[in-house]
Amino acid sequence: MNPQAKLVFTISLLLGTTITISSNHWVMAWTGLEINTLAILPLISKSHHPRAIEAATKYFLVQAAASALVLFSSMTNAWHTGQWDITQLSHPVSCLILTSAIAMKLGLVPFHFWFPEVLQGSPLTTGLLLSTIMKLPPMALLFMTSPSLNPTLLTTMAILSTALGGWMGLNQTQTRKILAFSSISHLGWMAIVVIYNPKLTLLNFYLYALMTSTVFLTLNSIKALKLSTLMTAWTKMPALSAMLLLTLLSLAGLPPLTGFLPKWLIIQELTKQDMAPAATIISLLSLLGLFFYLRLAYCTTITLPPHTTNHMKLWYTNKPTNILIAILTTMSIILLPISPMILTVI
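- Looking at an unreviewed UniProt entry, the protein chain carries the name NADH-ubiquinone oxidoreductase chain 2, with the source organism given as Passer montanus saturatus.
- Of the comments in the UniProt record for the protein chain, the one headed Subcellular location (unreviewed entry) reads "Mitochondrion inner membrane".
- We quote the UniProt Function (unreviewed entry) comment for the protein chain here in full: "Core subunit of the mitochondrial membrane respiratory chain NADH dehydrogenase (Complex I) which catalyzes electron transfer from NADH through the respiratory chain, using ubiquinone as an electron acceptor. Essential for the catalytic activity and assembly of complex I."

1. Observations regarding the pattern of salt bridges
- One pass over the full model with this rule turns up three salt bridges.
- For K58, the salt bridge goes to E117, with nearest N and O atoms at 3.8 Å. Here K58 is found in helix α3 (residues 50-81), whereas its partner E117 is found in helix α5 (residues 114-121), with 59 residues between them in sequence.
- Residue class for K58 comes out partly exposed when judged on its relative accessible area of 29%.
- Among the residues examined, E117 registers a relative accessible area of 28% and is labelled partly exposed.
- Where salt bridges share partners, they join E54, K58, E117 and K177 into one cluster.

2. Notes on the UniProt feature "transmembrane region" (unreviewed entry) in the protein chain
- Taking the numbering used here, the UniProt-annotated feature "transmembrane region" (unreviewed entry) corresponds to residues 59-79, 91-115, 152-171, 178-197, 203-225, 237-255, 275-294 and 323-343.
- End C-alpha atoms of residues 275-294 are separated by 29 Å, and the span's content is 95% helix alongside 0% strand.

3. With respect to empty space enclosed by the protein
- For the structure on display, the rule yields three cavities of 30 Å³ or more.
- Space inside the largest cavity adds up to approximately 90 Å³.
- As for the largest cavity, its lining consists of 13 residues, and the residues nearest its centre are Y59, Q63, K105, M134 and P138.
- Secondary structure elements with two or more residues in the lining of the largest cavity: α2 (26-44), α3, α5 and α7 (136-145).
- Here the lining of the largest cavity takes three residues from α2, the largest share from any one element.
- The residue makeup of the lining of the largest cavity, split by class, is eight nonpolar, three polar and two charged.

4. With respect to the UniProt feature "domain: NADH:quinone oxidoreductase/Mrp antiporter transmembrane" (unreviewed entry) in the protein chain
- Under the UniProt annotation, "domain: NADH:quinone oxidoreductase/Mrp antiporter transmembrane" (unreviewed entry) lies at residues 23-288.
- The span residues 23-288 is 77% helical and 0% strand by assignment, and the distance between its end C-alpha atoms comes to 38 Å.

5. Some points on the nonpolar core
- Residues I40, I44, Y59, L130, L141, I192 and L219 are the most contacted members of the largest nonpolar core, which totals 98 residues.
- A domain-level breakdown of this core finds at least three residues from each of domain 1 (1-111) and domain 2 (149-345).

6. Some thoughts on a nonpolar patch on the surface
- Together, I338, M341, L343, V345 and I346 make up an exposed nonpolar region whose accessible area comes to about 440 Å².
- When you line up the elements, V345 lands in helix α17 (residues 339-345).
- Assessed through its relative accessible area of 69%, V345 is described here as exposed.

7. Some thoughts on the domain arrangement of the protein chain
- According to the domain assignment, the protein chain consists of domain 1 (1-111) and domain 2 (149-345).
- Tallying the contact residues gives eleven residues for domain 1 and eleven residues for domain 2.
- Both faces considered, domain 1 and domain 2 share a buried interface measuring about 910 Å² in area, 82% of it formed by carbon and sulfur atoms.
- Counting the surface domain 1 buries against domain 2, the share from its top three residues, T99, L108 and V109, is 61%.
- Taken together, the connections running from domain 1 to domain 2 amount to zero salt bridges.
- At the junction of domain 1 and domain 2, the tally comes to one residue pair in polar contact (both at pLDDT 80 or more).
- Residue classes in the side of domain 1 that touches domain 2 are distributed as nine nonpolar, two polar and no charged.

8. Examining the packing of α3 against helix α4 (residues 92-106)
- With their axes 8 Å apart at the nearest point, α3 and α4 run at an angle of 160 degrees to one another. Relative to α4, the element α3 is oriented roughly antiparallel. The element α3 and its partner α4 pack so that their crossing is left-handed. Of the residues in α4, those touching α3 at V62, Q63, A65, A66, S67, L69, V70, F72, S73, T76 and N77 are S94, I97, L98, A101, M104 and K105.

What counts and how
- Residues numbered from 1 in each chain as written.
- Predicted model: local features only at pLDDT ≥ 70, side-chain atom pairs only at ≥ 80, totals over all residues.
- Heavy atoms only, no water.
- UniProt positions renumbered as here; feature names shortened; annotations may be inferred.
- Salt bridge = Lys/Arg side-chain N within 4 Å of Asp/Glu carboxyl O.
- Helix = DSSP H or I, 4+ residues; strand = E, 2+ residues; numbered from the N terminus.
- Buried < 20%, exposed > 50% of the residue type's maximum accessible area, 1.4 Å probe, protein only.
- 1 Å grid on protein atoms, 1.4 Å probe; cavity = no way out; pocket = protein on both sides within 12 Å on 5 of 7 lines; lining within 4 Å.
- Points joined across faces, edges and corners; volume = space filled by probe spheres on them.
- Nonpolar A, V, L, I, M, F, W, Y, C, P; charged D, E, K, R; others polar.
- Core = buried A, V, L, I, M, F, W, Y, C linked by side-chain atoms within 4.5 Å.
- Domains from an automatic or database assignment.
- Patch = residues over 30% accessible without salt bridge, like charges linked within 9 Å, V, L, I, M, F, W, Y side chains within 5 Å.
- Areas by Shrake-Rupley, 256 points an atom, 1.4 Å probe, with all protein chains shown as cover.
- Contact = heavy atoms within 4.5 Å.
- Buried area = accessible area lost by both parts, 1.4 Å probe.
- Polar contact = N/O pair within 3.5 Å; in protein donor to acceptor, adjacent residues only side chain to side chain.
- Axes fitted to C-alpha atoms, helices over the stretch in contact; angles between N-to-C directions.
- Parallel < 35°, antiparallel > 145°, perpendicular 65-115°, else oblique.
- Left-handed = near helix turned anticlockwise from the far one by under 90°.

Below is the structure:
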């Protein structure tokens, strides 16, 4: 793709995200979402492969439907209350439609079917954008409207997302699909606590974005799209593979690593809100996710290829991405000890 065109699309992505996050009016938020959708489409379909075109078409149709629902929800609310302010969403039908629209934008169950397909048809770098930056505007809308939303509906969707995200990721062999189901599972953890403690949802999103960026950039560096490719990566990049193992375990939420922090805080918050059964269920369902992270980690580090490989160890040049991977990996692994400081910031 032409560098100038790529620059225009990247700036449009940042512009759309900024407009949605900083807006108070529903129409401005909708405009930002539309700019975002239109900017990411060329980045999804840039390879001109039929899978990429199919992914872009699916993404466009789903996001257009979700944006229409956002507009419909805000108009219904304005019709009944005379308010276009995002935080003044009070009509029950509007709240219901908006929950559906945001779930569709994010890929929460039962509106999750598009996400693994779109991620599978996109390059790894675009997949990174779809899993992190593209989720920020809907998250911001969820954060701003959280006091008005239906707790039972969100809790149900969250538990189903964690269950299906873990369950459907078990038998996948494509790394992008595994990361898509991982994203759906993490969204369940974010959605369950958004009504009780919205800041905790944002913290979870930031840490998830940090860890998933590390995994995407590492896989992009190794050029691994399938588990079978990961099995030969150990001989080429031993240090990077070892770091990927730790990042995957962090993403799974194992205790000494960064990923344990949001899970710990969410379970604590749910217990405070007398939702111990929900906390127990969602914790047990996260074990499904742990299984496929361990599977990825096993393929990356413990499995040696069946024959001797002729790969030379790659000499690293001082590329900016390598420095970025190093910084992100470090943060993905060792942020747990400074959690008191993180909590004072949020």
